[in-house]
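Working through the structure, step by step
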Amino acid sequence: MKTQLFSMVVVVAAVIFLSACASLSGINVPFGSVASSHGGEVEDQAGLLDALRATGAEVEVGDEVEQPFFSVKGQVVKVNGMDVQLFEYESAEAMEADAAQVAPDGSSIGTSMVAWIDAPHFFKQGRVLALYIGSDEAMLNQLEEVLGGQFAGK
């Protein structure tokens, strides 16, 4: 009897402790549920936005964007006030097919020659291809942190 009572007290104490930790960290966890996060590698646009926010970035979803050389429409996302174009594909294979068309320096994509207004930087992971046009080192570091090194660009 004492063993059961002790076990119940330990379980209740653990639930109270974990609930307090969750509320201190700003995570709202309903009683009886298990908190989870995307963690690990980015698979989709939502995971990328979460990963960027986790690095402390201010992220704001903007307008839709269409690039004639990619097979899907994209989304402009402001990361710390700078535009990043995100293209989410149905599968990693479809994303890789479009990514394979990008020249190593980003100057052409398939048969399209592109005159960029600044240096292009292409990143990919999971089903997402990201395009940042600019030279801001902090932005490049943030993208590399969540997506790995660029696969094309300058």
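On a predicted model such as this, the values are computed, not experimentally measured, just so you know.

This part is about the side chain of H121. Take H121: it is sitting in strand β6 (residues 120-125). Among the polar contacts listed, one links the side chain of H121 to the backbone oxygen of G134, at a separation of 2.9 Å. Ignoring any residue separated from it by four or fewer positions in sequence, one finds H121 in contact with A130, L131, Y132, G134, L140, Q150, A152, G153 and K154.

Turning our attention to the sheet that holds strand β3 (residues 82-88). Strand order across the open sheet formed by six strands is β1-β2-β3-β7-β6-β8, with antiparallel pairing between neighbours. Two strands in the sheet have a free side with no partner beyond their single neighbour: β1 (59-65) and β8 (152-153). Bridge count between β6 and strand β7 (residues 128-133): six bridges; the pairing is antiparallel. Paired with K124 across the strands is L129, a residue of β7.

Buried residues dominate β6, accounting for five of its six residues. The turn joining β6 and β7, which pair antiparallel and follow one another in sequence, is formed by two residues; a positive phi near 60 degrees is taken by G126. Pairing of β6 with β8, which is carried by two bridges, proceeds in the antiparallel orientation. Considered in β8, the bridge of H121 is made with G153.

A few words on the confidence of the model for the protein. Any region with low pLDDT has predicted coordinates that should not be read closely. Overall, the predicted model of the protein reaches an average pLDDT of 80, with 74% of residues at or above 70. pLDDT under 50 marks residues 1-39. Its contacts with residues more than four places away, or in other chains, come to seven contacts.

On inspection of all chains with the given rule, the structure shows five salt bridges. Residue E96 pairs with K124 through a salt bridge whose shortest N-O separation is 2.7 Å. One end of the pair, E96, is in helix α3 (residues 92-99); the other, K124, is in strand β6, and 28 residues separate them in sequence. For K124, a relative accessible area of 25% translates into the label partly exposed.

What follows deals with the pairing of strand β2 (residues 74-79). As judged from the five bridges shared by β1 and β2, these two strands associate in the antiparallel manner. Across the sheet, residue V59 finds its bridge partner in β2, namely V79. Across six bridges, the pairing between β2 and β3 is antiparallel. Residue K78 lies in a different strand from β3, and its bridge partner there is D83.

This paragraph deals with the environment of V114. Secondary-structure assignment places V114 in the loop between β5 (112-113) and β6. Using a relative accessible area of 21% as the deciding quantity, one classes V114 as partly exposed. Along the primary structure V114 and F69 are separated by 45 residues, whereas in three dimensions their C-alpha atoms are 9.9 Å apart.

What counts and how
- Residues numbered from 1 in each chain as written.
- Predicted model: local features only at pLDDT ≥ 70, side-chain atom pairs only at ≥ 80, totals over all residues.
- Heavy atoms only, no water.
- Helix = DSSP H or I, 4+ residues; strand = E, 2+ residues; numbered from the N terminus.
- Polar contact = N/O pair within 3.5 Å; in protein donor to acceptor, adjacent residues only side chain to side chain.
- Contact = heavy atoms within 4.5 Å.
- Pairing = 2+ DSSP bridges.
- Buried < 20%, exposed > 50% of the residue type's maximum accessible area, 1.4 Å probe, protein only.
- pLDDT = per-residue confidence, 0-100.
- Salt bridge = Lys/Arg side-chain N within 4 Å of Asp/Glu carboxyl O.

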